[in-house]
Amino acid sequence: MYQKIMLTVDLNEESSWAKALPTAVALCRSFGASLHVVTVLPDYRMPLVGSYFPKDFAKKARGALSDAQHEFIREHVPEDIKTQSVIVDGSPWEAIVKAAKKLEVDLIVMASHNKRKFADYVLGPNAEHVVHHSKVSVMIVR
């Protein structure tokens, strides 16, 4: 049923993967699917934002994030799961939807986590946008 499963991960928020990762791994094993671990890097190149950072900041941030994501995969994803590390730029929900399309995944697995207002508690703003805008199935893990 699923050949490519995307797991969204915020490396600074354990709640973004603590419950979703075991679910994604179980689905990968059940269907023999590959796991695509996606982390979003905020877009520092926007003119207003970019002027506050050194010129090579985005490149260094991407490199550090790549290293951290590979370490995350080594520590948390079992070796029997075929895994791809993916870093995308932009707003979280838009970048996730674009990455899902580009990678041609069959399923997006993500946690619902947010500490803002009550409406966000029900689902979370990024998860809600991904659910509404994605062309593929989305599994929200609580």
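Structure shown above.
Computed from a predicted structure; not experimentally measured. (Residues numbered from 1 in each chain as written. Predicted model: local features only at pLDDT ≥ 70, side-chain atom pairs only at ≥ 80, totals over all residues. Heavy atoms only, no water.)

Asker: Give a description of the packing of aromatic side chains that names residues and reports values.
Answerer: Per the stated rule, a full pass over the model turns up two aromatic pairs. Ring centres 5.2 Å apart and planes at 85° place the aromatic pair Y2 and F31 in the edge-to-face group. Of the two residues, Y2 is situated in the segment before β1 (4-8) and F31 in helix α1 (residues 20-31); the sequence distance between them amounts to 29 residues. Ring geometry for W17 versus F72: centroids 4.9 Å apart, planes at 75°, classification edge-to-face. Of the two residues, W17 sits in the loop between β1 and α1 while F72 sits in helix α3 (residues 57-76), which places them 55 residues apart along the sequence. (Phe/Tyr/Trp six-rings, centres within 6.5 Å; stacked < 30°, edge-to-face > 60°. Helix = DSSP H or I, 4+ residues; strand = E, 2+ residues; numbered from the N terminus.)

Asker: Requested: an account of unusual backbone geometry, with residues and values cited.
Answerer: In this structure, E104 is a non-glycine residue whose phi angle is positive, near 55°. Tracing the sequence through the fold places E104 in the loop between α4 (92-103) and β4 (107-111). Assessed through its relative accessible area of 58%, E104 is described here as exposed. (Buried < 20%, exposed > 50% of the residue type's maximum accessible area, 1.4 Å probe, protein only.)

Asker: Provide a residue-level description of the environment of V105, including the pertinent values.
Answerer: Turning to its location among the elements, V105 is positioned in the loop between α4 and β4. For V105, a relative accessible area of 4% puts it in the buried group. Residues V105 and Y2 lie 103 residues apart in sequence; the distance between their C-alpha atoms is 8.2 Å. Filtering out sequence-adjacent residues up to four positions away, V105 remains in contact with K4, M6, H36, A100 and V136. (Contact = heavy atoms within 4.5 Å.)

Asker: Tell me about the nonpolar core, residues and numbers included.
Answerer: Judged by nonpolar contacts, the single largest core of 22 residues is most densely connected at I5, L7, L21, L35, F72 and V109. Those elements that provide at least two residues to this core are β1, α1, β2 (34-41), α3 and β4. Ranked by residues supplied to this core, first place goes to α1 with six residues. If we skip the residues at most four places from it in the chain, I5 touches A24, L27, C28, A33, S34, L35, H36, L107 and V109. In terms of nonpolar packing, the next biggest core, distinct from the first, is built from 15 residues, A100, L103, V105 and V130 among them. (Core = buried A, V, L, I, M, F, W, Y, C linked by side-chain atoms within 4.5 Å.)

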